[in-house]
Amino acid sequence: MFELFPDEWTPIAFARQVPRDRPVKLRVAGEDLAVFRDREGKLAALIDHCPHRGVALSLGRVTDAGTLECPFHGWKFDREGACAQVPFCDLSADKRARLGATAVPCRELGGLVWVFTGEDAEGREPELPEALLEPGWAHFQYAEEWSTHWTRAMENMLDYPHLPYVHRRSIGRQLRAPAERNAHLELEVTATSWGMQISATVEGRRSAAGLSWRRPNGMVLGLSFGSRRMKQHIYCVPVDEKVTRMMLITARDFGLFAPLAPLFWLLDWSNTWILREDRAVVESSQPPEVPHPSEEKSVALDAPTLVFRRWYHRELGPRRRQKVDVPAARVDA
């Protein structure tokens, strides 16, 4: 299972998208999941495949007892995948224990549905940025799907030098003039327990924006306006080899209350326009999956994306899956 993205925690949807009365079909790393809520409202995720005759469990219903009922023969499964009932059959618990569906670890955190792309997440839990968990933040959620491999989308989110070109009319506008006069740009990459922190200095002036990679597929851009803070979170979720679900969550600690709150929703929506500015460029990248660092030409300003690429090819990439040695990267000055 999940060979494209094994043994990682990732968000796959917003929690508000999963009602209490029916399952929702969600796809991640080439696997379809039936996500539902039990009687207490806790999220659960089963591989969307009934062990009896292989039909999609997501076509079924959630019973009053909080089990997921298969639409074909009514087999019922609890949140752990255990078979709770086979209609018209008086089966012992031992026999039912051999009839279970496949469950994957699932959590509801920060307004997101998180799943672990494996069966055993013992000792591992999702690590969320503080702005998704702490009180005092307003959150805006948006998602769309891009026709690209998730790695191309992810490294784009960690790339600073594209701002004055792809985002020349928005967040990169102030960098146009320095770029045209070939101003000095310096990037500092700091390793952290959860990924890396990236800071930029242009013509000796350090940017107030802080960019971080939240391993494996998350980015946080921190902005400040005096005492006000806004953080943009983007998760590049692999749907399959050719499709990536881009999940945007904007958090801000201002404009929380009426009557001004609607004005700040316009600010939140503007972040969707900025996200879309990246789409055509990222979808045009070839090959779709990021190659090993040694296979494309790079310069020193590519340091953040090279960190990501090295991690990816060491931990998840095709050579890792095939257990093939990789050459060292070449970086030109």
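Keep in mind the model is a prediction, meaning the values are calculated, not measured.

**Q** Got a sec to walk through the nonpolar core? Specific residues and values, please.
**A** With 55 residues, the main nonpolar core has Ile-12, Leu-33, Val-35, Met-154 and Met-157 as its most contacted residues. Per element, the largest residue contribution to this core is 5 residues, and it comes from strand 11 (residues 112-116). The residues contacting Met-154, other than those within four sequence positions of it, are Trp-213, Pro-216, Asn-217, Gly-218, Met-219, Cys-236 and Phe-308. By size, the runner-up hydrophobic cluster in this structure holds 15 residues, among which are Ala-44, Leu-46, Cys-83 and Ala-101.

**Q** Could you give an account of the pattern of salt bridges, with specific residues and numbers?
**A** In the structure shown here, the tally under the stated rule is 26 salt bridges. The structure contains a network of salt bridges with shared partners spanning Lys-25, Arg-27, Asp-32 and Asp-240.

**Q** Outline the side chain of Glu-155, listing residues and values.
**A** Relative to the elements of secondary structure, Glu-155 occurs in helix 2 (residues 150-157). What makes Glu-155 buried here is its relative accessible area of 11%. A polar contact of 2.8 Å, which involves the side chain of Glu-155, links it to the side chain of Arg-309.

**Q** Tell me what's going on with the packing of aromatic side chains, and back it up with residues and numbers.
**A** The geometry of an aromatic ring pair comes down to the distance between the two centres and the angle between the two planes. This structure, assessed with the given rule, holds 12 aromatic pairs. A ring pair is formed by Tyr-142 and Trp-269, whose centres lie 6.0 Å apart and whose planes are at 65°; its orientation type is edge-to-face. Placement of Tyr-142 in strand 12 (residues 138-146) and of Trp-269 in helix 5 (residues 261-283) is noted, with a sequence separation of 127 residues between them. On the basis of relative accessible area, Tyr-142 is assigned to the buried category, the value being 14%. Ring centres 5.3 Å apart and planes at 75° place the aromatic pair Trp-213 and Trp-311 in the edge-to-face group. Of the two residues, Trp-213 sits in strand 16 (residues 210-214) while Trp-311 sits in helix 6 (residues 303-315), which places them 98 residues apart along the sequence. Both residues of the pair, Trp-213 and Trp-311, belong to the buried class.

Parameters at a glance
- Residues numbered from 1 in each chain as written.
- Predicted model: local features only at pLDDT ≥ 70, side-chain atom pairs only at ≥ 80, totals over all residues.
- Heavy atoms only, no water.
- Core = buried A, V, L, I, M, F, W, Y, C linked by side-chain atoms within 4.5 Å.
- Buried < 20%, exposed > 50% of the residue type's maximum accessible area, 1.4 Å probe, protein only.
- Helix = DSSP H or I, 4+ residues; strand = E, 2+ residues; numbered from the N terminus.
- Contact = heavy atoms within 4.5 Å.
- Salt bridge = Lys/Arg side-chain N within 4 Å of Asp/Glu carboxyl O.
- Polar contact = N/O pair within 3.5 Å; in protein donor to acceptor, adjacent residues only side chain to side chain.
- Phe/Tyr/Trp six-rings, centres within 6.5 Å; stacked < 30°, edge-to-face > 60°.

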